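# Architecture at a glance
The residues making up each chain are set out below.
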Amino acid sequence: MIVNAANIKKFQTTKQLVEIHHFINPDTYTIGVIMAYDQHFCMVKSIDPNGKINGLLLVNQADIYAIEEDTDYLRALAIKCDLAKKEGYYDIWHVESLIARIDLQQINFLWTFLQSAYQNRRVITIGFTDDADLDATVTGYIKELNHEIIHINYVDDYDLSSLWTLSCQLEQINYVRVVSFQTHEYAALMRTIFNEQVQG
């Protein structure tokens, strides 16, 4: 489906599961429910392949080139979501209570999310386009933040000798993910190995 403001508004209203194609690699996409949107970003409740909520995403609308609905995969995933809700593992990170506390009418989701993560030392995942025009990600906490650039301290699983720092222009950001399995895992690594007082 061609992406435009009317379609995004429709999916935000219907709260249906959709596939959001926004990565350079066409075989990679986000599945979730569009909860809100501003001029530049969609807020998406992300769903993993097992039907569990896996964080809250902001996806840059400029990077979205297709949104699919009513696919066989989405129908199968909806059944998995129902099972996860029934068995009590649908929302183990309490993402829905976080969404309930967010002002969905605000006009700058990206800056609000980044400022909140910075002030609360919350570990986040940032997806961006690297210098080789490839999909790249980093998961860590914000060391420095201004309106042009973000500096992230992160853990390298294969080199735990220190924390590392990556810098990214805000205009390069494809998506931001908070309160996910990955952010909680990396927060645990940072607390345990580096005694960093962070939250997932």
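The rules behind each value
Residues numbered from 1 in each chain as written. Predicted model: local features only at pLDDT ≥ 70, side-chain atom pairs only at ≥ 80, totals over all residues. Heavy atoms only, no water. Helix = DSSP H or I, 4+ residues; strand = E, 2+ residues; numbered from the N terminus. Expected span 1.5 Å × (residues − 1). Buried < 20%, exposed > 50% of the residue type's maximum accessible area, 1.4 Å probe, protein only. pLDDT = per-residue confidence, 0-100. Disulfide = S-S within 2.5 Å. Salt bridge = Lys/Arg side-chain N within 4 Å of Asp/Glu carboxyl O.

### A look at helix H4 (residues 109–120)
Across its twelve residues, H4 extends 16 Å between first and last C-alpha, which sits within 8% of the 16 Å expected from 1.5 Å per residue. If you check which residues of H4 are buried, you get Phe109, Leu110, Trp111, Phe113, Leu114 and Ala117. Phi turns positive, to about 50°, at Arg121, one or two residues after H4.

### Considerations on the confidence of the model for the protein chain
This prediction gives the protein chain a mean pLDDT of 93; 99% of its residues lie at or above 70. Mean pLDDT across the elements of the protein chain bottoms out in helix H1 (residues 5–14) (86) and peaks in helix H2 (residues 72–87) (97).

### Section: the state of the cysteines
Using the criterion set out here, one finds zero disulfides in the structure. Just so you know, Cys81 is unpaired, no disulfide at all, and the nearest cysteine sulfur is the one on Cys42, 19 Å from it. On the basis of relative accessibility, which here comes to 5%, the residue Cys81 falls in the buried class. Cys168 takes part in no disulfide bond, and the closest cysteine sulfur to it belongs to Cys42, at a distance of 19 Å. The class for Cys168 is buried, based on a relative accessible area of 2%.

### Side note on the pattern of salt bridges
In this structure the tally under the stated criterion is five salt bridges. Between Asp48 and Lys52 there is a salt bridge, with the nearest N and O atoms lying 2.8 Å from each other. Residue Lys52 is classed as buried on the basis of its relative accessible area, which comes to 13%. Salt-bridge contacts for Arg121 lead to Glu196; the nearest nitrogen and oxygen are separated by 2.5 Å. With Arg121 in the loop between H4 and strand E6 (124–129) and Glu196 in the segment after helix H5 (181–194), the pair connects residues that are 75 residues apart, well separated along the chain. We classify Glu196 as buried; its relative accessible area is 16%.

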